[in-house]
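Each chain, letter by letter, is given below.
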Amino acid sequence: MNEQWLVGIDLGGTTIKMAFINYYGEIVEKWEIPTDKTGKTITIDIAKAIDTKLEQMGLTKAKLGGIGMGAPGPVNLEKGLIYETPNLGWENFPLRDHIELETGLPAVIDNDANIAALGEMWKGAGDGAKDLICVTLGTGVGGGLISNGEVIHGINGAGGEIGHITVVPEGGALCGCGKTGCIETIASATGIVRIAKEKLQSSDEESILRKNLDLSSKDVFDAVEQGDALAEEVIDYVTFQLGLVLANISNGLNPEKIVIGGGVSKAGDLLISKVDHYFKRFAFPRVAQAASISVATLGNDAGVIGGAWLVKTKLLNN
């Protein structure tokens, strides 16, 4: 039994979430620090934060077995390289080398959506399922695909880009990735608001959403609960498209679990039951039988727990 702790780090646009996690995947201590948006001092900030926390706890670095870290954008797992994270000005950035140099600890790096998927697989809604699809519906749509317990990375780190599956082949909305008609333009919080606003503009249908000048995706779901027909049409369209995407990925992967996380997943049963309805309609019957769809349970902790799983399996190898 290994008494060392695992360090999980989830690098976000505004904050860096950090945690010391024991061998069973339980969080011993968690905290966050602000992200240096220039990208220049991130690894130094992380090293200092680890040192400070150990000092506060009266412990030495010998207590730590290694660092597992998630970062936005495509990643080369073998080399610990971030191909590109435009927000931080990183291109072919050797993140693992920098982290190891600054902290003196072995490190393993993966994409942030991938480590969230690993977290849910290990300690969350994935419940140990080795074949799993994790999709995060937030400002954008992220995803992680796990087959036989391993994240699918693909040849140049872009495996599992669920958000950029095209659902509107002609005349779709422009996505941040440069393509049009991606599921991200529909099933993200931003997408839901966009579709609702378009519907409000193009019809005279009565809707409680008309009173709301600063519309959020939560407002649209709340309106459905109150029997608002226009909001119902919006959510029906969104869940139809998401159910279709998940069915098509599942026909290729045959997963046991599909886990939906991110801010939009707070809609809970309303979202899940509708997505499940369309999923069953579009998935190969045997695939549909095997898969259950549920809401992610770890919230913001998914990434750090997934990072710890990487240390446990990739660095300590047991």
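Report on the accompanying structure. (Residues numbered from 1 in each chain as written. Predicted model: local features only at pLDDT ≥ 70, side-chain atom pairs only at ≥ 80, totals over all residues. Heavy atoms only, no water.)

1. Topic: the sheet that holds strand β8 (residues 107–111)
Our working definition: A pair of strands is labelled paired if DSSP reports no fewer than 2 bridges between them. Labels follow the DSSP assignment, with helices taken as runs of H or I lasting at least four residues and strands as runs of E lasting at least two, numbered in each case from the N terminus. Note on method: axes are straight lines fitted to C-alpha atoms, helices fitted across the in-contact stretch only, with angles between N-to-C directions ranging 0 to 180 degrees. Any two residues having at least one pair of non-hydrogen atoms within 4.5 Å are treated as being in contact.
Strand order in this open sheet of 5 strands is β3-β2-β1-β4-β8, and the pairing throughout is mixed. Edge strands, defined here as strands with exactly one partner in the open sheet, are β3 (27–34) and β8. Neighbour-to-neighbour, the strand axes of this sheet turn through a mean angle of 15°, independent of strand direction. Sheet topology note: the strand β1 (residues 5–11)/strand β2 (residues 15–21) ladder contains 6 bridges and is antiparallel. Its bridge partner lying in β2, aspartate 10 is registered against lysine 17. Sitting on the sheet, helix α10 (residues 302–315) touches β1, β2, β3, β4 (64–71) and β8, and the angle it makes with β1 is about 130°.

2. Description of the sheet that holds strand β5 (residues 75–76)
The strands making up a sheet associate through backbone hydrogen bonding, with each pair oriented either parallel or antiparallel. Spatial strand order, β5-β6-β7: 3 strands in an open sheet with antiparallel pairing. The sheet is open, and its two edges are formed by β5 and β7 (90–93), each paired on a single side. Sheet topology note: the β5/strand β6 (residues 81–85) ladder contains 2 bridges and is antiparallel. Across the sheet, the residue bridging to valine 75 is isoleucine 82, located in β6.

3. Brief notes about the side chain of aspartate 228
Put simply, the rule reads: Buried means the residue's accessible area, taken with a 1.4 Å probe over protein chains only, is under 20% of the maximum for its type, while exposed means over 50%, and partly exposed covers the values in between. In this charge count, Lys and Arg are treated as positive and Asp and Glu as negative; neither His nor the chain ends contribute. Here a salt bridge means any side-chain nitrogen of Lys or Arg lying within 4 Å of a carboxyl oxygen belonging to Asp or Glu. A 3.5 Å cut-off defines polar contacts: any pair of N or O atoms within that distance qualifies, except that in protein one atom must be a possible hydrogen donor and the other a possible acceptor, and neighbouring residues in sequence count only when both atoms are side-chain atoms.
Along the chain, aspartate 228 falls in the loop between α6 (217–225) and α7 (229–253). For the buried aspartate 228, which has no salt bridge, the nearest side chain bearing the opposite charge is lysine 211, at an N-O separation of 7.3 Å. Only 3.1 Å separates the side chain of aspartate 228 from the side chain of serine 207, close enough to count as a polar contact. The residues contacting aspartate 228, other than those within four sequence positions of it, are Ser207, Ile208, Leu209 and Ala223.

4. Remarks on the nonpolar core
The cut-off we apply is this: We call a set of buried Ala, Val, Leu, Ile, Met, Phe, Trp, Tyr and Cys residues a nonpolar core when their side-chain atoms join them within 4.5 Å.
One finds Leu137, Leu246, Ile260 and Phe279 to be the most contacted residues of the largest nonpolar core, which totals 46 residues. It is α7 that provides the largest number of residues to this core, a total of 11 residues. Each residue touching leucine 246, except ones within four places of it in the same chain, is listed here: Ile133, Val135, Ile258, Ile260, Val275 and Phe279. Listed in part, the 28 residues of the second largest apolar core include Phe20, Leu54, Met69 and Leu88.

5. A word on the environment of alanine 47
With respect to the element layout, alanine 47 can be found in helix α1 (residues 42–57). For the pair formed by alanine 47 and arginine 210, sequence separation is 163 residues and the distance between their alpha carbons is 49 Å. Sequence-distant contacts of alanine 47, that is, excluding residues within four places in its chain, are made with Glu102 and Thr103.

6. Side note on the state of the cysteines
Condition: Two cysteine sulfurs form what is called a disulfide whenever their separation falls within 2.5 Å.
Under the counting rule described, the total for this entry stands at 0 disulfides. Cysteine cysteine 177 remains unbridged, with the sulfur of cysteine 182 as its closest cysteine sulfur at 3.8 Å. By relative accessible area, which is 0% here, cysteine 182 ends up buried.

7. Topic: the packing of aromatic side chains
Our working rule: Think of it this way: a Phe, Tyr or Trp ring, Trp meaning its six-membered ring, pairs with another when their centres are within 6.5 Å, and the plane angle makes it stacked under 30 degrees, edge-to-face over 60, tilted otherwise. Criterion for a charge above a ring: Lys NZ or Arg CZ within 6 Å of the ring centre, and within 35 degrees of the ring normal.
Counted by the stated rule, this structure contains 6 aromatic pairs. The rings of Trp5, Phe20 and Trp31 are connected pair by pair, giving a single aromatic cluster. Directly above the aromatic system of tyrosine 23 lies the positively charged group of lysine 312, at a separation of 4.2 Å from the ring centroid.

8. Describing unusual backbone geometry
Peptide bonds are, in most cases, trans, and in most cases residues other than glycine have a negative phi. Residues other than glycine seldom take positive phi values, yet aspartate 127 does so here, at roughly 55°. Relative to the helices and strands, aspartate 127 resides in the loop between α3 (112–123) and β9 (132–137). Judged by relative accessible area, which is 62%, aspartate 127 ranks as exposed. Phi is positive for asparagine 148, close to 55°, though the residue is something other than glycine. Tracing the sequence through the fold places asparagine 148 in the loop between β10 (141–147) and β11 (150–151). A relative accessible area of 62% places asparagine 148 in the exposed class.

9. Comments concerning helix α5 (residues 189–202)
The condition is simple: Expected helix span is given by 1.5 Å per residue-to-residue step, counting one fewer step than there are residues.
The first and last C-alpha atoms of α5 sit 20 Å apart over 14 residues, in line with the 20 Å expected at 1.5 Å per residue. Those residues of α5 that sit buried are Gly191, Ile192, Val193, Ile195, Ala196 and Leu200. For α5, the secondary structure elements touched by its buried residues are α4 (184–187), α6 and α7.

10. Quick word on the pairing of strand β12 (residues 257–261)
Taken across its 5 residues, β12 has 5 buried, putting it largely inside the fold. In β12, alternate side chains face the same way, and those of Lys257, Val259 and Gly261 on one face and Ile258 and Ile260 on the other are all buried. Relative to β12, β9 runs parallel, the two being bridged by 5 bridges. Residue pairing in the sheet places valine 135 in a bridge with isoleucine 260 of β12. Sheet topology places β12 next to strand β13 (residues 292–295); 4 bridges connect them, and they run parallel. Paired with valine 259 across the strands is serine 294, a residue of β13.

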